[in-house]
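Results of the structural survey
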Amino acid sequence: MFFIDTIELEGLGNRSYLAGGREAAVAVDPPRDVDQVLAAAARRGVRVTHVVETHVHNDYVSGGLELARLTGAAYLVPAGARVSFARVPVSDGDTVTVEGDLELSAVATPGHTPHHTSYVLREQGRPVAAFTGGSLLIGTVGRPDLVEPRLTERLARAQHASAHRLAAELPDETSVLPTHGFGSFCSSAQAEGDATTIGKEKSVNAALTTDVDSFVARLLAELDDIPAYYTHMGPANAAGPAPVDLTPPAVADAREIASRLAAGEWVVDLRNRVAFAEGHVAGSFNFEADGKIATYLAWLIPWGKPVTLLAESPAQLASVQRELVRVGIDRPAAAATGAPQEWVAEGEALVSFPRSTFAGLAERGTDGVVVLDVRRDSERTTGHIAGSVHIPIHQLHQRLDEVPAGTVWVHCAGGMRAAIAASVLHSAGRDVVAVDDGFGSAAEAGLTVVTG
């Protein structure tokens, strides 16, 4: 008998896996905080004997090297990956025994990266699951444009061929277990559903239902923005990530918070956007702990800029620290927990800004105000408010001077990114209203929504 446990990394939209038998297991694409994998192995009462990477990751820092060091496991990395540490290079067709009649075989599936490798788990020689990393995903494939622009079309064609190879070589009932596709920007589209098989993908995945030219043309046309921090993930993984330190940061009092703001550092308030709007430290930014903080904070912050975290509780702070180390923001400069009144010096006041809805904007009218859309280009083309200004959230900090004069009503698709943008604008001295509403309500409220 075998088992496969899924380790969800919801903040990054990824999954990692632990698969094995009665005594031994293999970890696939482990996260930076490897204690999760170790805990899963402990619950199963197994020893991690192999750690495998499907590719050098572009969207998160891997915990593979550290996990292999801690467990003594063999660290399997595709032979074509250029890395600076000792590992077991894996080539197409290589097979390792996990335990007894449970084996793991490497299948070259280039496309997401030139060296991308999938791994097929076999029990008594029968394929039972394919760990497909950023190759064949649920209803889509991993994006091919993260390595080098000159390689993008070639890799897109390789994705098509790799998907067809997996479909041809594996039985229809084989489970497909990708790393990407659950919110990660490494996926060319988001997964539809939670589980899939080779047989299902044959009927729904464009890589398997359309010819290569049509597939490539559509794939390249639909590629979305690349988070800025991706530039740093590949090199960090190739160099060999250092172990993480999740101990609490230095405590910042009100004076230090003010000093760090005055020095131009980032002070990030992790509370929910409603509480932040009602009262916060002037100059601080709002990235909700329960939002995609790893993705958006790492995307927006100038790389290497010191960050101080303001949290409601030690538990919230610890959770966010864990999220941030996964994307290379290893140690906050300082942190504070508690109530916002404790984060400002005596005699100073918290600041606030209003929130509203699309109905509120319609009632007020768009004349005389700036309507700022901070969604991505791909979102805006499906419909936008007539006369609105468009600056994607990840570009706003560098383009503040392009926001016209006047009160800014800022919106996104649901409210989270609008809250981030509102905090950025407010810290820059702008009058702002955060629209905390789903964009589908804009037309219902009577606002003119146009496409194109």
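Residues numbered from 1 in each chain as written. Predicted model: local features only at pLDDT ≥ 70, side-chain atom pairs only at ≥ 80, totals over all residues. Heavy atoms only, no water.

Observations concerning the overall build of the protein chain
Helix and strand content of the protein chain: 16 helices and 22 strands. On the protein chain, roughly 17900 Å² of surface is accessible, and the fraction owed to carbon and sulfur atoms is 50%. Across the protein chain, the 36 positively charged side chains and the 55 negatively charged ones have centroids separated by 3 Å. (Helix = DSSP H or I, 4+ residues; strand = E, 2+ residues; numbered from the N terminus. Areas by Shrake-Rupley, 256 points an atom, 1.4 Å probe, with all protein chains shown as cover. Lys, Arg positive; Asp, Glu negative; His and termini not counted. Charge placed at Lys NZ, Arg CZ, Asp CG, Glu CD.)

Things to note about the sheet that holds strand β17 (residues 370–373)
Spatially, 5 strands are ordered β16-β21-β20-β17-β19 in an open sheet, and the strand pairing comes out parallel. At either end of the open sheet lies a strand with only one pairing partner, and these are β16 (355–356) and β19 (389–390). Relative to β19, β17 is paired through 2 bridges, and the arrangement is parallel. Counted as the bridge partner of Leu372 is Val389 from β19. In the packing of helix α15 (residues 416–427) onto the sheet, contacts are made with β17, β20 (408–411) and β21 (432–435), and the angle to β20 comes to roughly 150 degrees. (Pairing = 2+ DSSP bridges. Contact = heavy atoms within 4.5 Å. Axes fitted to C-alpha atoms, helices over the stretch in contact; angles between N-to-C directions.)

Section: the packing of aromatic side chains
Enumeration according to the criterion identifies 9 aromatic pairs in this entry. With centroids separated by 5.1 Å and ring planes inclined at 85 degrees, the aromatic side chains of Tyr229 and Tyr230 adopt a geometry described as edge-to-face. Judged by relative accessible area, Tyr229 falls into the buried class, the value being 2%. For Tyr230, a relative accessible area of 6% corresponds to the buried category. Taken together, Phe185, Tyr296 and Trp299 form an aromatic cluster joined through their ring pairs. Over the ring of Phe182 we find Arg15; its NZ or CZ atom is 3.9 Å from the centre of that ring. (Phe/Tyr/Trp six-rings, centres within 6.5 Å; stacked < 30°, edge-to-face > 60°. Buried < 20%, exposed > 50% of the residue type's maximum accessible area, 1.4 Å probe, protein only. Lys NZ or Arg CZ within 6 Å of the ring centre and 35° of its normal.)

Structural notes on the sheet that holds strand β14 (residues 307–311)
Spatial ordering of the open sheet is given by β13-β12-β14-β15, a layout of 4 strands whose pairing is parallel. Two strands lie at the open edges of the sheet, namely β13 (285–286) and β15 (334–337), each paired on one side alone. Of the pairings in the sheet, the one linking strand β12 (residues 266–269) to β13 comprises 2 bridges and is parallel in character. If you follow Asp269 over to β13, its bridge partner there is Asn286.

So, the pairing of strand β10 (residues 126–133)
Most of β10 is tucked away, with 7 of its 8 residues classed as buried. As defined by bridge partners, strand β9 (residues 117–123) adjoins β10 across 5 bridges and the pair is classed as antiparallel. The partner of Glu123 across the bridge, within β10, is Arg126. In sequence, β9 turns back onto β10 through a hairpin of 2 residues, with Gln124 there showing a positive phi of about 55 degrees. Sheet analysis places β10 next to strand β11 (residues 175–178), joined by 4 bridges and oriented parallel. Bridging from a neighbouring strand, Ala130 pairs with Val176 of β11.

Side note on the pattern of salt bridges
A side chain with one charge can pair with a side chain of the opposite charge if their charged atoms come near. Counted by the stated rule, this structure contains 31 salt bridges. The salt bridge involving Asp33 is made with Arg326; its shortest N-O contact spans 2.8 Å. Residue Asp33 is located in the loop between β3 (24–28) and α1 (35–44), and its partner Arg326 is located in the loop between α11 (314–325) and β15; the two are separated by 293 residues in the primary sequence. Judged by relative accessible area, which is 1%, Asp33 ranks as buried. (Salt bridge = Lys/Arg side-chain N within 4 Å of Asp/Glu carboxyl O.)

Let's talk about the nonpolar core
Counting 53 residues, the largest nonpolar core has Trp266, Phe287, Leu297, Leu309, Leu372 and Val410 as the members making the most contacts within it. Among the elements that make up this core, the one with the highest residue count is helix α10 (residues 293–300) (7 residues). Every residue in contact with Val410, bar those within four places of it in the chain, is listed here: Leu372, Val374, Ala418, Ala421, Ala422, Leu425, Val432, Val433, Ala434 and Val435. Residues Val46, Val48, Leu67 and Tyr75 belong to the second largest nonpolar core, which totals 22 residues. (Core = buried A, V, L, I, M, F, W, Y, C linked by side-chain atoms within 4.5 Å.)

Examining the side chain of Asn58
Inspection of the secondary structure assignment puts Asn58 in the loop between β4 (47–52) and α2 (64–71). For Asn58, a relative accessible area of 10% puts it in the buried group. Ignoring sequence-local partners within four residues, the contact set of Asn58 consists of Thr113, Leu146, Cys186, Tyr230, Met233 and Gly234.

Brief notes about the environment of Arg417
Among the secondary structure elements, Arg417 is positioned in helix α15. The class of Arg417 is buried, set by a relative accessible area of 8%. Sequence separation between Arg417 and Pro241 is 176 residues, and the spatial gap between their C-alpha atoms is 30 Å. Apart from the residues lying within four places of it in its own chain, the contact partners of Arg417 are Tyr296, Val374, Arg375, Arg376, Glu379, Ile393 and Cys412. Polar side-chain contacts of Arg417 include one of 2.8 Å to the side chain of Glu379. (Polar contact = N/O pair within 3.5 Å; in protein donor to acceptor, adjacent residues only side chain to side chain.)

Topic: α2
Looking only at α2, the buried set comprises Gly64, Glu66, Leu67 and Ala68. Looking at the buried residues of α2, the elements they touch are β3, α1, β4 and β5 (74–78). One or two positions beyond α2, positive phi appears at Gly72, with a value near 75 degrees.

Here's the deal with the pairing of β17
Where burial is concerned, the two faces of β17 agree: the one with Val370 and Leu372 and the one with Val371 and Asp373 are both buried. Bridge count for β17 against β20 is 4 bridges, and the pairing is parallel. When the sheet's bridge partners are listed, Val370 is paired in β20 with Val408.

Some points on the environment of Leu38
Turning to its location among the elements, Leu38 is positioned in helix α1. Separated by 10 residues in the primary sequence, Leu38 and Val48 have C-alpha atoms spaced 8.1 Å apart. Beyond its immediate sequence surroundings of up to four residues, Leu38 is in contact with Leu67, Leu70 and Thr71.

Brief notes about unusual backbone geometry
Of note in the backbone geometry, Asp29 takes a positive phi value of approximately 50 degrees without being a glycine. Mapping Asp29 onto the fold places it in the loop between β3 and α1. With a phi close to 55 degrees, Gln124 is a non-glycine residue in the positive phi region. The exposure class of Gln124 is exposed, given its relative accessible area of 65%.

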